[in-house]
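Architecture at a glance
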Amino acid sequence: MKVSNPKAAQVSVVNYYEPDIAEVKSYTLNTTCETLEEIPNPRVEPLDPIVEIPEQVSVNTGPLQTPPMPASNGSSCTGSSCQTCPVCRKSKDIPSADFKDIICNASSVYKTTSGRKGNYVLKIRQDLRPDKRVKVRKSANYTLPDSCECSLLNPPVQRVFIITSSKLKGKMLNLNKQSVITYSTREIERKLMKLLKTCPSG
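Our subject in this report is the structure included herewith. The shown structure was predicted, so the numbers you read here are calculated from the model rather than taken from an experiment.

Re the overall build of the protein
- Secondary structure summary: the protein contains two helices and 11 strands in total.
- Taken from N to C terminus, the helices and strands of the protein fall in the order β-β-β-β-β-α-β-β-β-β-β-β-α.
- Across the 202 residues in the protein, those meeting the buried criterion constitute 32%.
- Residue pairs in contact within the protein that sit at least 24 positions apart in sequence constitute 62% of those at least 6 positions apart.
- By element, 51% of the accessible surface of the protein is carried by carbon and sulfur atoms, the whole surface being about 14200 Å².

The following block contains the structure:
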């Protein structure tokens, strides 16, 4: 197939997941004796292997081994010893019975939508910790200790439970080592409600 009068053009390569990342290159076709030369096929260097950097969280796919939370009326901890990360429970398995201490010592069990865009990344819908679940329906943000991260709080939008000794203050929820973030599924919610019924009243 003959091509006459070839002209220069540009090729744009765009990152599908991050369209803002793009590269534009110009290219031309050379002709020799009115026959197009083959477009060179540059050698593609192998990509470096992707190194996964673990999140700075305590992750446990089975029974949680976390320090028990203080009772709701206990004193809050202070000092550098408190600057540790919350538990980011990435398993969708139903919590075991040892979750009871965590649930009963928490002051709030927030049913939440996380990973939202906009000014507020959380939508706290209900608090399951009182004797009767309480509708909250508040948008909020959260804070974590330095160097801590939990992917369950990041996009995409997903439903999670935030089990914590902290109370929502205005539009801010402070999370620390006394907090647990876990997926919200029907099975997990039923288990949490069952455990909550076994907690001492008051």
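Additional details are given in the paragraphs that follow.
Some words on the pairing of strand E9 (residues 158-164)
- Most of E9 sits out of view: six of its seven residues are buried.
- Looking at chain direction, strand E6 (residues 108-114) and E9 are connected through seven bridges and run antiparallel. Its bridge partner being in E9, Tyr110 is matched across the sheet by Ile162.
- Where E9 lies against strand E11 (residues 179-183), five bridges are found, and the strand directions are antiparallel. Along E11, the bridge assignment pairs Ile163 with Val180.

So, the sheet that holds E9
- The strand order across the open sheet formed by seven strands is E5-E11-E9-E6-E7-E8-E10, and the pairing between neighbours is mixed. Each edge of the open sheet is held by one strand with a lone partner, namely strand E5 (87-89) and strand E10 (172-174). Strand after strand, the sheet turns through a mean of 35° between neighbouring axes, direction not considered.
- Pairing between strand E7 (residues 122-127) and strand E8 (residues 134-143): five bridges, direction antiparallel. Each bridged residue has a counterpart across the sheet, and for Gln126 the counterpart in E8 is Lys135.

Some details on a positive patch on the surface
- On the surface, a cluster of positive charge is made up of Arg125, Lys135, Arg137, Arg159 and Arg186.
- Along the chain, Arg137 falls in strand E8.

Thoughts on the nonpolar core
- In terms of nonpolar packing, the biggest core is built from 32 residues, with Ile103, Val109, Ile162, Ile163 and Ile181 touching the most fellow members.
- Mapped onto this core, the elements with two or more residues apiece are E5, helix H1 (99-105), E6, E7, E8, E9, E11 and helix H2 (186-196).
- For Ile162, the contacting residues outside a window of four places in its chain are Ser108, Val109, Tyr110, Thr112, Leu122, Leu153, Leu173, Leu175, Val180 and Ile181.

Notes on the state of the cysteines
- In this structure the tally under the stated criterion is three disulfides.
- Each disulfide pairs two cysteine sulfurs, and for Cys85 the partner residue is Cys148, the sulfurs being separated by 2.0 Å. Note on the Cys85 and Cys148 pair: the S-S dihedral is about -90°, so by sign convention the disulfide is left-handed. Here the residue Cys85 occupies a position in the loop between strand E4 (35-36) and E5, and Cys148 occupies one in the loop between E8 and E9, the gap between them amounting to 63 residues. For the pair formed by Cys85 and Cys148, the shared burial category is buried.
- The residue that forms a disulfide with Cys88 is Cys150, at a sulfur-sulfur distance of 2.0 Å. Disulfide Cys88-Cys150: torsion about the S-S bond near 70°, hence right-handed. Taken together, the residues Cys88 in strand E5 and Cys150 in the loop between E8 and E9 connect sequence positions 62 residues apart. For the pair Cys88 and Cys150, one class covers both residues: buried.

Remarks on the pattern of salt bridges
- If you walk through the whole model with that rule in mind, you get four salt bridges.
- Between Lys111 and Glu189 there is a salt bridge; the shortest N-O distance is 3.0 Å. Residue Lys111 is located in strand E6, and its partner Glu189 is located in helix H2; the two are separated by 78 residues in the primary sequence.
- The class for Glu189 is buried, based on a relative accessible area of 14%.
- Linking Arg190 and Glu187 is a salt bridge whose minimum nitrogen-to-oxygen distance equals 3.9 Å. With Arg190 and Glu187 both in helix H2 and three residues apart, the pair spans about one turn of that helix.

Calculation criteria
Residues numbered from 1 in each chain as written. Predicted model: local features only at pLDDT ≥ 70, side-chain atom pairs only at ≥ 80, totals over all residues. Heavy atoms only, no water. Helix = DSSP H or I, 4+ residues; strand = E, 2+ residues; numbered from the N terminus. Buried < 20%, exposed > 50% of the residue type's maximum accessible area, 1.4 Å probe, protein only. Contact = heavy atoms within 4.5 Å. Areas by Shrake-Rupley, 256 points an atom, 1.4 Å probe, with all protein chains shown as cover. Pairing = 2+ DSSP bridges. Axes fitted to C-alpha atoms, helices over the stretch in contact; angles between N-to-C directions. Patch = residues over 30% accessible without salt bridge, like charges linked within 9 Å, V, L, I, M, F, W, Y side chains within 5 Å. Salt bridge = Lys/Arg side-chain N within 4 Å of Asp/Glu carboxyl O. Lys, Arg positive; Asp, Glu negative; His and termini not counted. Charge placed at Lys NZ, Arg CZ, Asp CG, Glu CD. Core = buried A, V, L, I, M, F, W, Y, C linked by side-chain atoms within 4.5 Å. Disulfide = S-S within 2.5 Å.

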